[in-house]
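Each chain, letter by letter, is given below.
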Amino acid sequence: MPRKEIIYRDRDRYRMGVKKLRSLIEEQAPKAIKNTEFKALEGRIIAVDTSNNLYQFLTAIGTENGSSLMNSIGETTSHLQGTFYRTIKFMSNGIKPVFVFDGAPPTLKSGELAKRSAKKKEAKENLDEAKETGTTEDVAKFSKRTTSATRKQNEECIKLLTLMGIPVVRAPCEAEAQCAELVKGGKAWASGSEDMDSLAFGTKILLRNLTASDQKKNPLWEFDHEKLLYGTGFTHDQFIDLCILLGCDYCESIRGIGPVRAFELMQKHKSIEEVVKHLDPTKYPVPVPFPFDEAREPIQEPTCHPCR
DNA sequence: ACTCTGACTCAAGACGTA
DNA sequence: TGAGTCAGAGT
DNA sequence: TACGTCC
């Protein structure tokens, strides 16, 4: 029982690691990142990872008092408003979006899911408390944490997009993986996602902040997979190993190995097997178990509809 | 001096008008 | 959930 | 650019 607790905590830590990938790329392969703008994407087909979108709409649109926009019979419409206008925005910039919706999360993530639902429950309690004793700001703040898109809202957005003539793909599993597959298969030019995992899944181009309303504060970034490999000298498989060391969803990381050491070790030893062999086990004990080899598979060949 | 962790906080869209 | 920042411990 | 409004 206590062991499970540890695993959940480590999963959390690992997620934190992925975000460090951006600054790592900035330092080690600066040419793989460039600042771009909507106008530069004219005519491009972009596979848009919608995982977070509905949540963003539901929490950002019309939420001054903590509730959403609603129709005459009290049904929430924020997700439709957001989806509609964002799609218009893409189209009027000459961008051809393909919206990719999440399917079931991979089984390896079930531990994380359990933890997430526990957090939701905690947030719900905070919300109830704020409703009784807190300010309206508190209520708005905590209601954002309890918000999540329903199955029905997902289907409504898919229907809206279909009626607008926009292609929609239902990913069997993770949307980022399906986006990468669409790009690798030549169906799309880039993935639009906030998740750096997209590069590990092998998308050729990753666009970040495609969904930010304030382009001054959150400029649009373009990551180039090929230039990333060229700049770091890694093969794609070595890059995946680096991501696993930095922290992915599928296995724990090694305490004390952050972005700097992980990068140096991978440059020197070229694979996790060799890295582990050369680690001082007294300074950097490897987690037990440490299923890094099993972690490679869902990254190299994730569950998704094949496009090749 | 550098690296990593952990605990913390905050913000999360798009439009038109002034 | 991710990004930024801080203090504190380890290398 | 900031801000109020979208239902």
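- Under an unreviewed UniProt entry, the name given to chain A is Flap endonuclease 1, and the source organism is Cavenderia fasciculata.
- Listed under Subunit (unreviewed entry) in UniProt, the entry text for chain A is "Interacts with PCNA1 and PCNA2. Three molecules of FEN1 bind to one PCNA trimer with each molecule binding to one PCNA monomer. PCNA stimulates the nuclease activity without altering cleavage specificity."

## Focus: the packing of helix α10 (residues 236–246) against helix α13 (residues 292–300)
Moving on, step 1. The interhelical angle for the contact between α10 and α13, taken along N-to-C directions, is 120 degrees, at an axis separation of 10 Å. When the axes of α10 and α13 are compared, the pair comes out oblique. For α10 against α13, the interelement crossing comes out right-handed. Contacts between α10 and α13 pair D237, I240, D241 and I244 from the former with F292, A295, R296, I299 and Q300 from the latter.
Moving on, step 2. For the contact of α10 with α13, the per-class residue count stands at five nonpolar, one polar and three charged.

## So, empty space enclosed by the protein
Moving on, step 1. Counted according to the given criterion, the structure contains three cavities of 30 Å³ or more.
Moving on, step 2. Looking at the largest cavity, its volume works out to about 90 Å³.
Moving on, step 3. The wall of the largest cavity is formed by 11 residues, among which D197, A200, C243, C248 and I299 lie closest to the centre.
Moving on, step 4. Those elements giving two or more residues to the lining of the largest cavity turn out to be α1 (2–28), α8 (197–200) and α10.
Moving on, step 5. Tallied by class, residues from the lining of the largest cavity come to nine nonpolar, one polar and one charged.
Moving on, step 6. Its boundaries defined by the atoms lining it, the second largest cavity holds a volume of some 80 Å³.
Moving on, step 7. Around the second largest cavity sit T50, N53, L54, F57, T83, R86, T87, F99, F101 and L161, which together line it.
Moving on, step 8. Only α2 (53–60), α3 (78–92) and β3 (96–101) provide two or more residues apiece to the lining of the second largest cavity.
Moving on, step 9. Its residues assigned to classes, the lining of the second largest cavity comprises five nonpolar, four polar and one charged.

## Quick look at the domain arrangement of chain A
It is common to report an interface's size as the accessible area lost on association of the parts.
Moving on, step 1. For chain A, the domain assignment lists domain 1 (6–107 + 148–231) and domain 2 (233–300).
Moving on, step 2. For domain 1 versus domain 2, the distance between C-alpha centres works out to 27 Å.
Moving on, step 3. Across the domain 1/domain 2 interface, buried area totals approximately 2,000 Å², and carbon plus sulfur atoms make up 58% of it.
Moving on, step 4. Remark: the boundary between domain 1 and domain 2 carries six residue pairs in polar contact (both at pLDDT 80 or more).
Moving on, step 5. Those elements giving two or more residues to the side of domain 1 that touches domain 2 turn out to be α1, α8 and α9 (225–232).
Moving on, step 6. Looking at the side of domain 1 that touches domain 2 element by element, the count peaks at 12 residues for α1.

Scoring rules and cut-offs
- Residues numbered from 1 in each chain as written.
- Chains lettered and ligands numbered in written order.
- Predicted model: local features only at pLDDT ≥ 70, side-chain atom pairs only at ≥ 80, totals over all residues.
- Heavy atoms only, no water.
- UniProt positions renumbered as here; feature names shortened; annotations may be inferred.
- Axes fitted to C-alpha atoms, helices over the stretch in contact; angles between N-to-C directions.
- Helix = DSSP H or I, 4+ residues; strand = E, 2+ residues; numbered from the N terminus.
- Parallel < 35°, antiparallel > 145°, perpendicular 65-115°, else oblique.
- Left-handed = near helix turned anticlockwise from the far one by under 90°.
- Contact = heavy atoms within 4.5 Å.
- Nonpolar A, V, L, I, M, F, W, Y, C, P; charged D, E, K, R; others polar.
- 1 Å grid on protein atoms, 1.4 Å probe; cavity = no way out; pocket = protein on both sides within 12 Å on 5 of 7 lines; lining within 4 Å.
- Points joined across faces, edges and corners; volume = space filled by probe spheres on them.
- Domains from an automatic or database assignment.
- Buried area = accessible area lost by both parts, 1.4 Å probe.
- Polar contact = N/O pair within 3.5 Å; in protein donor to acceptor, adjacent residues only side chain to side chain.

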